[in-house]
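# Remarks on the overall topology
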Amino acid sequence: MWMVSPPVGIFQSTKKLFLSERAGQGQTLEFIRKNAANGLSVANLVAGLSSVLCSLNRQYHHSCWLLLVGFLLDLADGAVARQLDACSALGAKLDDFADFTTFGLATALLLQPQGVLDGLLAIAYVMAVFARLCFFSSGKLGGLGGIRGVLGGDFPPQLNVWHPAGIPFTYRGLPCPYASSLLAGTFLLTGGNVTLLRITAIVMILFMVDRGFYPHDKVLESQLWKKLVYAGGVAAVLFSPAAVASIYCLTWSMSYIIFPFAIWSCKA
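The paragraphs below set out a description of the structure included in this document. Residue numbers here run from 1 along each chain, matching the order of that chain's written sequence. Where totals are concerned, whole chains, interfaces and linings use all residues; where local detail is concerned, this predicted model gives features only for residues with pLDDT of at least 70, and gives and counts side-chain atom pairs only at 80 or more. Only heavy atoms go into the side-chain values, all of them from the structure, while hydrogens and water stay out.

We define a salt bridge as a contact between a side-chain nitrogen of Lys or Arg and a carboxyl oxygen of Asp or Glu at a distance within 4 Å. Per the stated rule, a full pass over the model turns up two salt bridges. Glu221 is the salt-bridge partner of Arg82, the closest N and O atoms lying 2.3 Å from each other. Taken as a pair, Arg82 in helix α2 (residues 60-83) and Glu221 in the loop between β2 (213-215) and α7 (224-239) lie far apart in primary sequence, 139 residues in all. Judged by relative accessible area, which is 7%, Arg82 ranks as buried. Relative accessible area decides the class of each residue, using a 1.4 Å probe on protein chains only: under 20% of the type maximum gives buried, over 50% gives exposed, and in between gives partly exposed. Since its relative accessible area comes to 26%, Glu221 is described here as partly exposed. Arg198 serves as the salt-bridge partner of Asp118, at 3.3 Å between the closest nitrogen and oxygen. Of this pair, Asp118 sits in helix α4 (residues 116-144) while Arg198 sits in helix α6 (residues 194-209); the two residues are 80 residues apart in sequence, bridging distant segments of the chain. Strands here are runs of E lasting at least two residues and helices are runs of H or I lasting at least four, both read from the DSSP assignment and numbered beginning at the N terminus.

Shown next as structure tokens:
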């Protein structure tokens, strides 16, 4: 009886194809792991640029909604970077640029500058955000060798014990996303009361340039109730009426500003 054996080349080709497919899937998963947080930062940047366009077209309610979306994205990108161990210098630059665009330029346009004084206020707000970002970026670059992060502190857990304030898990001055969230919520709740909005912006500038301490609030890496607050924010912004979303985000931001350590510290 004659035995016909299959060509060896077919088995080798099939094995190589199978291994190459597995390698390709591994590379894809690794790419996703390394860039998931960067994707959130890019989404924050897109939200900020879209908010700018909405403000230029006087669609301020849409602009406010996009700022609140950016606020939620900014809180998430740091947690994702740390959980996936995907911190990088590129992520730091993306995060800073997205924050400056969304919480600086886009938020300042809500003030609707029309005269010299209004324009100076908008410029002052942008410069306050710029100073905040430069302060934290330069501090972390010098102390930790260039690892990313402003709000969210996107550096590895083993290094996540130092901040420019010199005190573990603290910031100096109000993080700009909370100022932006407060202004967006104020605009939505008051129906665009520009006078009140500009007064609020002046107060936020003072808080941002102040040397007061604020806790590093790892909302998505802390107690369960903080995660529920974040989930509630997502539901309010994406699925609730503007009034509900504005009240929710105002309450959230005000609680962080007024009672930072009593409520939002890592030990709270």
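One less than the number of residues in a helix, times 1.5 Å, gives the span that helix is expected to have. Helix length check: helix α5 (residues 176-190) (15 residues) gives 21 Å between terminal C-alpha atoms against 21 Å at 1.5 Å per residue, within 8%. Extensive coverage of α5 is indicated by the burial of 13 of its 15 residues. Following α5 by one or two positions, Gly191 has its phi on the positive side, about 70°.

Attention now goes to the nonpolar core. Core analysis: the biggest nonpolar cluster contains 49 residues, and Tyr125, Leu174, Tyr178, Met204, Met208 and Trp252 have the highest contact counts within it. When residues of this core are traced back to their parent elements, those giving at least two are α2, α3 (89-108), α4, α5, α6, α7 and α8 (242-258). The element contributing the most residues to this core is α2, with ten residues. Apart from residues no more than four positions distant in its own chain, Leu174 is found in contact with Arg132, Ala179, Met204, Phe207, Met208, Tyr214, Tyr256 and Ile257. Buried residues of nine kinds, namely Ala, Val, Leu, Ile, Met, Phe, Trp, Tyr and Cys, make up a nonpolar core once their side-chain atoms join them within 4.5 Å. A contact between two residues is defined here by any heavy atoms of the two lying within 4.5 Å.

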